[in-house]
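# Breakdown of the fold
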Amino acid sequence: MRKKIIAGNWKMNKTFDEGMGLVTEIVAMVKDEYNGSAHVVIIPPFVHINAVSRMVSEHNNVFGGAQNCSNHDSGAYTGEVSAAMIKSCGASYVIIGHSERRQYFGEHNDWLAKKTDAVLKNGLTAIYCCGETLEEREANKHFEVLKAQVSEGLFHLTAEQFANVVIAYEPVWAIGTGKTASTDQAQEVHAFIRNLVKEKYDETTADTLTIQYGGSVKADNAAELFSAPDIDGALVGGAALQSRSFVDIVKAMK
Ligand code: PEP
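Residues numbered from 1 in each chain as written. Predicted model: local features only at pLDDT ≥ 70, side-chain atom pairs only at ≥ 80, totals over all residues. Heavy atoms only, no water.

## As for the overall build of the chain
Of regular secondary structure, the chain possesses 12 helices and 8 strands. Relative to the compact-globule value of 18 Å for 254 residues, the chain shows a C-alpha radius of gyration of 17 Å, a close match. On the principal axes, the C-alpha backbone points of the chain span a range of 45 × 45 × 35 Å. When the 254 residues of the chain are sorted by exposure, 54% land in the buried category. (Helix = DSSP H or I, 4+ residues; strand = E, 2+ residues; numbered from the N terminus. Rg over C-alpha atoms; globule rule 2.2 N^0.38 Å. Buried < 20%, exposed > 50% of the residue type's maximum accessible area, 1.4 Å probe, protein only.)

Right, here's the structure in full:
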């Protein structure tokens, strides 16, 4: 059975008190209003991970996560945070290769492959992001770009390791723009990614892979996106910064 996952990426938002208030509200609302089995993942800035992960630990389906991690285990890498540190703070998931990391911090597929290794080595689940820019889609190069991102970042893994990978398809042109990919556009790409995984590994690995969609997901478009057979949840940015809008997206996953 494929796991459904709704993850909220806070990016560089929320002071400590604001963050704690938001998590308190989300946990209470999920408990009162959601009786489905999707995993809810709260992904705050690094400095809040410990507190957030502890606050969600009593709720079976809610987990903490990190937005990034180092590809190194430890050492003289000022400003970096290792996967082992994230694990020790109680988090379960780590986003790898968000388009903002690729775009502003020059993170390339070969580097992301090493970060993914660090995440898996520490018993965490990687949420590996991929997605094309508007220029790439308009030039009809999106499948080529996605294939390179997925294969170069992930296809060195064994099928066993792949069980702890989630892929998030996030078309760059839809992130924070209010422009969502249509359900058909997203479904087409998700099916393409699942097929890549099937060709590389096997049917079971492909069938059990969770593929999230990300890019301006809101309460009013989530249910339609989630109705597509290969869309297994969402990676949410802006709408994850308020409890009501985030939990309404969670509730759209039946
Ligand atoms: C994201 O940052 O991963 C994202 C999808 O953002 P938004 O929902 O704001 O488009």
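Back to the text.
## Notes on the site of the ligand
Taken together, 14 residues are adjacent to the ligand, and K11, E170, G176, S216 and G238 come closest. At a separation of 2.8 Å, an oxygen atom of the ligand approaches a polar backbone atom of G238. Looking at the shell around the ligand residue by residue, the class counts come to 4 nonpolar, 8 polar and 2 charged. (Near = heavy atom within 4 Å. Polar contact = N/O pair within 3.5 Å; in protein donor to acceptor, adjacent residues only side chain to side chain. Nonpolar A, V, L, I, M, F, W, Y, C, P; charged D, E, K, R; others polar.)

## Focus: the sheet that holds strand β1 (residues 5-9)
Working definition: the strands of a sheet are paired by backbone hydrogen bonds and lie parallel or antiparallel to each other. Ordered in space as β1-β2-β3-β4-β5-β6-β7-β8, the 8 strands form a closed barrel in which the pairing is parallel. Neighbour-to-neighbour, the strand axes of this sheet turn through a mean angle of 25 degrees, independent of strand direction. Pairing of strand β3 (residues 62-66) with strand β4 (residues 93-96) involves 2 bridges; the strand directions are parallel. Paired with G65 across the strands is Y93, a residue of β4. Along the sheet face, helix α5 (residues 109-121) touches β4, β5 (125-130) and β6 (165-169) and points at about 160 degrees away from the line of β5. (Pairing = 2+ DSSP bridges. Axes fitted to C-alpha atoms, helices over the stretch in contact; angles between N-to-C directions. Contact = heavy atoms within 4.5 Å.)

## Things to note about the packing of α5 against helix α7 (residues 142-154)
As a packed pair, α5 and α7 sit with axes 7 Å apart at the nearest point and diverge in direction by 45 degrees. Here α7 runs oblique to α5, going by the angle between their axes. Note on packing geometry: the crossing formed by α5 with α7 is right-handed. Across the interface between the two elements, N109, A113 and T116 of α5 pack against A148, Q149, E152, G153 and L154 of α7. A per-class count over the contact of α5 with α7 returns 3 nonpolar, 4 polar and 1 charged. (Parallel < 35°, antiparallel > 145°, perpendicular 65-115°, else oblique. Left-handed = near helix turned anticlockwise from the far one by under 90°.)

## Concerning the environment of S243
Take S243: it is sitting in helix α12 (residues 243-251). Among the residues examined, S243 registers a relative accessible area of 8% and is labelled buried. Setting aside anything within four residues of it in sequence, one finds S243 in contact with L22, E25, I26 and M29. Among the polar contacts listed, one links the side chain of S243 to the side chain of E25, at a separation of 2.6 Å.

## Some points on helix α11 (residues 219-226)
Residue pairs spaced three or four apart in an α-helix point in one direction, given the helix's 3.6 residues per turn. Turning to α11, its buried residues number three or more, namely N221, A222, L225 and F226. The buried side chains of α11 occupy one side of the element, clustering within an arc of 130 degrees when seen end-on. When the buried face of α11 is taken as reference, the exposed residues oriented beyond 90 degrees from it are D220 and E224. (Arc of directions from axis to C-beta.)

## Brief notes about the pairing of strand β2 (residues 39-43)
With 5 of 5 residues buried, β2 lies mostly within the body of the structure. Residues H39, V41 and I43 point to one face of β2 and V40 and I42 to the other, with burial holding for every one of them. Handedness of the β1-helix α1 (residues 16-33)-β2 crossover: right-handed. Inspection of the sheet shows β2 paired to β3 by 3 bridges, in the parallel sense. Within β3, the position partnered with V40 by the bridge is V62. A crossover connection joins β2 to the parallel β3 through helix α2 (residues 49-56); in handedness this β-α-β unit is right-handed. (Right-handed = clockwise from strand over helix to strand, strands pointing away.)

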